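Now for the letters of each chain:
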Amino acid sequence: MPLHEKNFWLMFALILDPCSNRMRSVPPLASRVGTEVKLEINGAVAIVTGGGRRIGRAVALGLGKAGARVAVHYHTSEAQANDVAELIKSSGSEAITLKTDLTSIWQTSLLVETAASHLGPVQILINNASVFEKTSVVDTSVEDWERHFAVHVRAPFLLAQSMSSALPPGTQGKIVNMNDLTQNRPERFAYGASKAALSGLTQSLAIALAPNIQVNELALGAILAPSDSLQMETRGSMDGQAQVSRSVGDVVATVTALIRSDYITGVRLNVDGAL
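Conventions used here
Residues numbered from 1 in each chain as written. Predicted model: local features only at pLDDT ≥ 70, side-chain atom pairs only at ≥ 80, totals over all residues. Heavy atoms only, no water. Helix = DSSP H or I, 4+ residues; strand = E, 2+ residues; numbered from the N terminus. Buried < 20%, exposed > 50% of the residue type's maximum accessible area, 1.4 Å probe, protein only. Contact = heavy atoms within 4.5 Å. Areas by Shrake-Rupley, 256 points an atom, 1.4 Å probe, with all protein chains shown as cover. Phe/Tyr/Trp six-rings, centres within 6.5 Å; stacked < 30°, edge-to-face > 60°. pLDDT = per-residue confidence, 0-100. Expected span 1.5 Å × (residues − 1). Arc of directions from axis to C-beta. Salt bridge = Lys/Arg side-chain N within 4 Å of Asp/Glu carboxyl O. Pairing = 2+ DSSP bridges. Axes fitted to C-alpha atoms, helices over the stretch in contact; angles between N-to-C directions. Core = buried A, V, L, I, M, F, W, Y, C linked by side-chain atoms within 4.5 Å.

Undergrad: Residue-level account of the overall build of the protein, with values.
TA: Within the protein one finds eight helices and nine strands. Going through the 275 residues of the protein one by one, you find that 48% of them count as buried. Taking contacts inside the protein between residues at least 6 apart in sequence as the whole, the part at least 24 apart equals 73%. Entry remark: accessible area of the protein is about 13500 Å², with carbon and sulfur atoms responsible for 56%.

Undergrad: Can you break down the packing of aromatic side chains residue by residue, with the values?
TA: Under the defined criterion, the tally for this structure stands at three aromatic pairs. Taking 4.6 Å as the distance between ring centres and 85° as the angle between the ring planes, the aromatic pair formed by Phe 132 and Tyr 191 counts as edge-to-face. Taken together, the residues span a long stretch of sequence, with Phe 132 in the loop between strand S6 (122–127) and helix H6 (142–166) and Tyr 191 in helix H7 (residues 189–209) at a distance of 59 residues. Tyr 191 sits in the buried class, given a relative accessible area of 4%.

Undergrad: A description of the confidence of the model for the protein should follow, citing residues and the corresponding values.
TA: Summarising the model, the protein shows a mean pLDDT of 84, and 77% of its residues fall at 70 or more. This stretch, residues 2–34, has a pLDDT under 50; its non-local contacts, to residues over four places away or in other chains, come to 43 contacts. In the predicted structure, residues 229–245 sits below a pLDDT of 50 and forms 14 contacts with residues beyond four places in sequence or in another chain.

Undergrad: Report on helix H4 (residues 78–90), specifying residues and quantitative values.
TA: When the terminal C-alpha atoms of H4 are compared, their 18 Å separation across 13 residues agrees well with the 18 Å that a helix rising 1.5 Å per residue should span. Among the residues making up H4, those that are buried are Ala 81, Val 84, Ala 85 and Ile 88. Buried residues of H4 fall within an arc of 95° about the axis and therefore sit on the same side. In H4, the exposed residues that point more than 90 degrees away from the buried face are Ala 79 and Ser 90. Tucked into the core, H4 has its buried residues touching helix H3 (54–65), strand S4 (69–74) and strand S5 (95–99). After H4 finishes, the residue Gly 92 shows a positive phi value of roughly 105°.

Undergrad: Outline the environment of Glu 146, supporting the account with residue identities and numerical values.
TA: Looking at the element boundaries, Glu 146 is found in helix H6. The exposed category is assigned to Glu 146, whose relative accessible area is 51%.

Undergrad: Go over the pattern of salt bridges, please, and point to the residues and values.
TA: Applying the stated criterion across every chain yields a total of eight salt bridges. The partner of Arg 185 in a salt bridge is Asp 180, with the nearest N and O atoms 3.1 Å apart. For the pair shown, Arg 185 and Asp 180 are each scored as buried. Among the salt bridges present, the one from Arg 268 reaches Glu 217, with a minimum N-O distance of 2.9 Å. Taken together, the residues Arg 268 in strand S9 (residues 268–271) and Glu 217 in strand S8 (residues 213–220) connect sequence positions 51 residues apart. Residue Glu 217 is classed as buried on the basis of its relative accessible area, which comes to 1%.

Undergrad: Talk me through the sheet that holds S6; I want residue IDs and the actual numbers.
TA: The seven strands are arranged S5-S4-S3-S6-S7-S8-S9 in an open sheet whose pairing can be described as parallel. The open sheet has two edge strands with one neighbour each: S5 and S9. Ignoring strand direction, the axes of neighbouring strands in this sheet form an average angle of 20°. One ladder, built from four bridges, connects S6 with strand S7 (residues 173–180); its direction is parallel.

Undergrad: Tell me about the nonpolar core, and please be specific about residues and values.
TA: The biggest cluster of nonpolar side chains holds 35 residues, and the ones touching the most others in it are Val 59, Leu 63, Ile 126, Met 178, Leu 218 and Val 251. With six residues, helix H8 (residues 237–260) is the largest single contributor of residues to this core. Leaving out residues up to four positions away in the same chain, Val 251 has contacts with Ile 55, Val 59, Met 178, Leu 218, Leu 220, Ile 223 and Val 271. Core analysis: the next-biggest nonpolar cluster, separate from the first, contains 29 residues, Ile 96, Leu 111, Ala 115 and Ala 129 among them.

See the structure below:
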């Protein structure tokens, strides 16, 4: 396990005791809930929405490297999703690609079932797919609004609902919602509003699905430049590439640390380098 991932795990293994203001270790799940089976990434089935590109690609590859059987979801990025699946297979894990339009209720409702029919019951869900369109409050149409909310809120809800319904009794599940540190975006109004709604969904799901399924979210800072931007949000080509590599690595490490944790739920973690 990389050193930075170990550091994340050690950090998550401690929880603040409000009565003493000291840090206390959390006992392992087996000592608290004897009927549940601890989730191990190795051999677990994971869905990564938007898994063919950018952050989704890195997370899918990271889970595959850890031994997960990964369903790489895509909508239009078929070639990229196939490339990710082949890389996961070459590392010794199983992988499939699944095309789904997350704005379609029918298609979204079948995604978990389809993944399970190929790989087994889904235990890990990474809601990463995103719409990032420039629309001001004046210019945002009803169609724009519904498209952003369909991908960022309705789809994560439907997928979590399907996953929890199909999870075998006594089996743990993990959901990580990929969010944005900056949700107040006047120039991307529908995007920001729907990402804020995703934070509320994370909290509601964490309570509703406890204790078998933990639900958390990552709020990402300037990790990668927007796909519609011509400039990288980092300084210099060499330094910029190194910074992006470290930042993406931290995202993957945080995702895997949350999956390995048994007692963290309803948490929003900022991955932003304090920028």
